[in-house]
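For reference, the chains in residue letters:
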Amino acid sequence: MEIGERLKEAREAKKLSLEEVQQKTKIQKRYLQAIEKNEFGILPGKFYTRAFIREYASAVGLDPEKVMEEHKSELPSTEEEQVITHSRVQRAKTEGSVGKPGGGSLSKAFPTLITIVLIIGALFVAWFFIMQITEPDSGTTDSQSEDQVNVTSSDTGEGASDEEGSGSGESEKNRGDAAEEEDEQESQEEEAEEPQLEISLAETGTGGFPEHVYEVTGTVERELKIEFEGDTYLEVQAPKGGENLVDPITYTSEDDTITQDISDYKEVYVRTGSVPGLKVYINDEEIEFPADNLTQKLLIKFEE
């Protein structure tokens, strides 16, 4: 019995329709039909043929690894494809490290440098205005004191001069305190405008096509970015099982980086058929795949 017929028989034994298997595996119906007919040339590639068959077997209650082993003679080999993919990824990483030394560290440190420059600028502006306010008052006070000393000829005159000097000193102190409070308030507002993004792995998936759960906190504005370093099948949904944010097709290293504003979503679901072929970022913070499986899933949840 061929592998396609075996999978079809298992599906019918479970009383599952192709539409139900498609819902469980997220594999298009036409690919499922091609697998049942052993028409593997219709599928996106040799690597995805093996990945889709594993998903199909798991969905109908069969052991994916056992099925793959028993029918390995019917399946296309992925050795050549994997060697090409890994060589391309390695070359891309080598060129990136040569062309952009320290680029990753610089991009991460850049927001911090901007913040420091803004704070220093704010302090300088505050100091400048304080000096502008203080210096004319000091000159006026000194002039008034000299005039009062020259024209004062009675105890009453000396008393008035002392009172005016005391009032001017209190005014300068109040201005200085107000300027310090304003400067401190500006610094607090700048810090409040920069929430710290935190990404944590809440659950690690297992099996042939593991699903990992990440929790992201500390930010309201969120951007999803995906870079391609090799051939990989990609599917992005929000939420899981919902609308497609990215077309579910096979991408290559020649494709442009995908960026998507996901601020309005509570969770995003990412499926990939080749982990070395792409990188996933949230606000420029990379989410790493924690296992060695080539085919994996990510469920990213956001908590404000």
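The rules we used
- The written sequence of each chain sets the order in which its residues are numbered from 1.
- Local features are withheld for residues below a pLDDT of 70 in this predicted model, meaning they are given only at 70 or higher, and side-chain atom pairs are given and counted only at 80 or more; totals for whole chains, interfaces and linings count all residues.
- Based on all heavy atoms of the structure, the side-chain values leave hydrogens and waters out of the count.
- A pair of strands is considered paired only if DSSP assigns at least 2 bridges between the two.
- Helix and strand assignments come from DSSP, with helices taken as H or I runs of at least 4 residues and strands as E runs of at least 2, each series counted from the N terminus.
- Fitted lines through C-alpha atoms serve as axes, helices being fitted only where they are in contact, and the angles separating the N-to-C directions of these axes extend from 0 to 180 degrees.
- Orientation categories follow fixed angle ranges, with anything under 35 degrees roughly parallel, anything over 145 roughly antiparallel, 65 to 115 roughly perpendicular, and all other angles oblique.
- Pairs of residues are marked as contacts when any of their non-hydrogen atoms sit within 4.5 Å.
- Residues are grouped as follows: nonpolar covers Ala, Val, Leu, Ile, Met, Phe, Trp, Tyr, Cys and Pro; charged covers Asp, Glu, Lys and Arg; every other residue, Gly included, is treated as polar.
- Burial classes follow relative accessibility: with a 1.4 Å probe on protein chains only, a residue under 20% of its type's maximum area counts as buried, one over 50% as exposed, and anything between as partly exposed.
- Of all possible arcs, the one meant is that of the directions from the helix axis to the C-beta atoms.
- For Phe, Tyr and Trp, where Trp contributes only its six-membered ring, two rings pair if their centres lie within 6.5 Å, and the inter-plane angle classes them as stacked under 30 degrees, edge-to-face over 60, or tilted in between.
- Only when the NZ atom of a Lys or the CZ atom of an Arg is both within 6 Å of the ring centre and within 35 degrees of the ring normal do we say a charge sits over the ring.

1. Considerations on the sheet that holds strand S1 (residues 198-203)
Moving on, step 1. Read from one edge of the open sheet, six strands run S1-S2-S10-S7-S4-S5, paired in mixed fashion. With partners counted over all chains shown, the strands left at the sheet margins are S1 and strand S5 (243-251), one partner each. Direction aside, the axes of adjacent strands within the sheet are offset by 15° on average.

2. Observations concerning the packing of helix H3 (residues 29-36) against helix H4 (residues 46-59)
Moving on, step 1. It is at 11 Å that the axes of H3 and H4 come closest, and there the two elements cross at 90°. Comparing the axis directions of H3 and H4 gives the class roughly perpendicular. Here Tyr31, Leu32, Ile35 and Glu36 of H3 come into contact with H4, specifically with Phe52, Ile53 and Tyr56.
Moving on, step 2. Residues belonging to the contact of H3 with H4 are distributed by class as follows: six nonpolar, no polar and one charged.

3. Details of helix H2 (residues 18-25)
Moving on, step 1. For H2, the complete set of buried residues consists of Leu18, Val21 and Thr25. End-on, the buried residues of H2 take up no more than an arc of 60°, which puts them together on one face.
Moving on, step 2. Buried positions along H2 lie against helix H1 (3-13), H3, H4 and strand S7 (267-272).
Moving on, step 3. Where H2 terminates, the next one or two residues include lysine 26, which has phi positive at roughly 65°.

4. Brief notes about the environment of glutamate 5
Moving on, step 1. Looking at the element boundaries, glutamate 5 is found in helix H1.
Moving on, step 2. Overall, glutamate 5 belongs to the partly exposed group, its relative accessible area being 46%.
Moving on, step 3. Each C-alpha atom of the pair glutamate 5 and asparagine 38 lies 8.1 Å from the other, and the pair is 33 residues apart in sequence.
Moving on, step 4. With residues up to four places along the chain from it excluded, the contact list for glutamate 5 reads Glu36 and Asn38.

5. A closer look at the packing of aromatic side chains
Moving on, step 1. Counted under the stated rule, the structure contains eight aromatic pairs.
Moving on, step 2. Ring geometry for phenylalanine 47 against tyrosine 48: centres 5.3 Å apart, planes inclined by 85°, an arrangement best described as edge-to-face.
Moving on, step 3. Taking relative accessible area as the criterion, phenylalanine 47 reaches 10% and is therefore assigned buried.
Moving on, step 4. Note on tyrosine 48: relative accessible area 4%, which makes it buried.
Moving on, step 5. Aromatic pair phenylalanine 52 and tyrosine 233: ring centres 6.0 Å apart, planes at 85°, arrangement edge-to-face. On the criterion of sequence distance, the pair formed by phenylalanine 52 in helix H4 and tyrosine 233 in strand S4 (residues 232-238) is long-range, its members being 181 residues apart.
Moving on, step 6. The class of phenylalanine 52 is buried, set by a relative accessible area of 5%.
Moving on, step 7. For tyrosine 233, a relative accessible area of 6% puts it in the buried group.
Moving on, step 8. Pairwise contacts between aromatic rings join Tyr31, Phe47, Tyr48, Phe52 and Tyr233 into one cluster.
Moving on, step 9. The cationic tip of arginine 222 hangs over the ring face of phenylalanine 302; the distance from NZ or CZ to the ring centre is 4.3 Å.

Read these as geometric descriptors, not functional statements.
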